[in-house]
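Geometric and topological summary
Each chain, written out:
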Amino acid sequence: MVRQYIDLCQEYNCRAKVFAKMRDGLKNKVGDPDLLVLFTNTTSHKMVQCVLSEVRGRGTTIERCHSSSMSALRGILDRHAAKC
């Protein structure tokens, strides 16, 4: 799914970083995104807290979605693609 997420984001002229698992150094890799999409059904609570603490106060739009389907991501990108 990671490759499919990246490809879909490229269709919307957005550059994507996809983190499927909590890894060491994650907070140093998040960067300063315009849009942060969190698939809450597949993401650990620890990972969500780590990422949210990194983007706090940076003006990042945060979109939470329970479903991690391609159609859910497409809907999010339809709403926010102008920001990318």
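Residues numbered from 1 in each chain as written. Predicted model: local features only at pLDDT ≥ 70, side-chain atom pairs only at ≥ 80, totals over all residues. Heavy atoms only, no water.

Looking at the pattern of salt bridges
Side-chain pairs of opposite charge can arise where the charged atoms are in close proximity. Here is the rule: A pair is scored as a salt bridge if a Lys or Arg side-chain nitrogen falls within 4 Å of a carboxyl oxygen belonging to Asp or Glu. Numbering of helices and strands starts at the N terminus; helices are DSSP runs of H or I of at least 4 residues and strands are runs of E of at least 2. Buried means the residue's accessible area, taken with a 1.4 Å probe over protein chains only, is under 20% of the maximum for its type, while exposed means over 50%, and partly exposed covers the values in between.
This structure, assessed with the given rule, holds 3 salt bridges. Here Asp-7 ties to Arg-3 by a salt bridge, and the two come within 3.0 Å at their closest N and O atoms. Placement of the pair is Asp-7 and Arg-3 together in helix H1 (residues 2-11), with a separation of 4 residues, close to one helical turn. We classify Asp-7 as partly exposed; its relative accessible area is 34%.

Topic: the environment of Arg-23
Summarising the element assignment, Arg-23 is placed in the loop between H1 and helix H2 (26-29). Of the residues examined, Arg-23 reaches a relative accessible area of 57% and is grouped as exposed. Sequence separation between Arg-23 and Met-47 is 24 residues; the distance between their C-alpha atoms is 8.7 Å.

Observations regarding the nonpolar core
The line we're drawing: Buried Ala, Val, Leu, Ile, Met, Phe, Trp, Tyr and Cys residues that are joined via side-chain atoms within 4.5 Å together make up what is termed a nonpolar core. Contacts between residues were defined by any pair of non-hydrogen atoms, one from each residue, lying within 4.5 Å.
In this structure, Tyr-5, Leu-8, Cys-9, Tyr-12, Cys-14, Leu-35, Phe-39, Cys-65, Ala-72, Leu-73, Ile-76 and Leu-77 together form the largest nonpolar core, which totals 12 residues. Looking at this core element by element, the count peaks at 4 residues for helix H4 (residues 70-80). In contact with Cys-9, not counting residues within four places along its chain, are Cys-14, Ala-16, Leu-73 and Leu-77. Grouped together as the second largest cluster of nonpolar side chains are 10 residues, Leu-36, Leu-38, Val-51 and Val-55 included.

Considerations on the side chain of Thr-60
Selection rule: Any pair of N or O atoms that falls within 3.5 Å is considered a polar contact. Within protein, one atom must be able to donate a hydrogen and the other to accept it, and sequence-neighbouring residues count only if both atoms are side-chain atoms.
Considering the arrangement of structural elements, one finds Thr-60 in the loop between helix H3 (45-55) and strand S2 (61-65). A polar side-chain atom of Thr-60 sits 2.8 Å from the main-chain carbonyl oxygen of Pro-33. Residues contacting Thr-60, with those up to four places away along its chain left out, are Asp-32, Pro-33, Asp-34, Leu-35, Leu-36 and Val-55.

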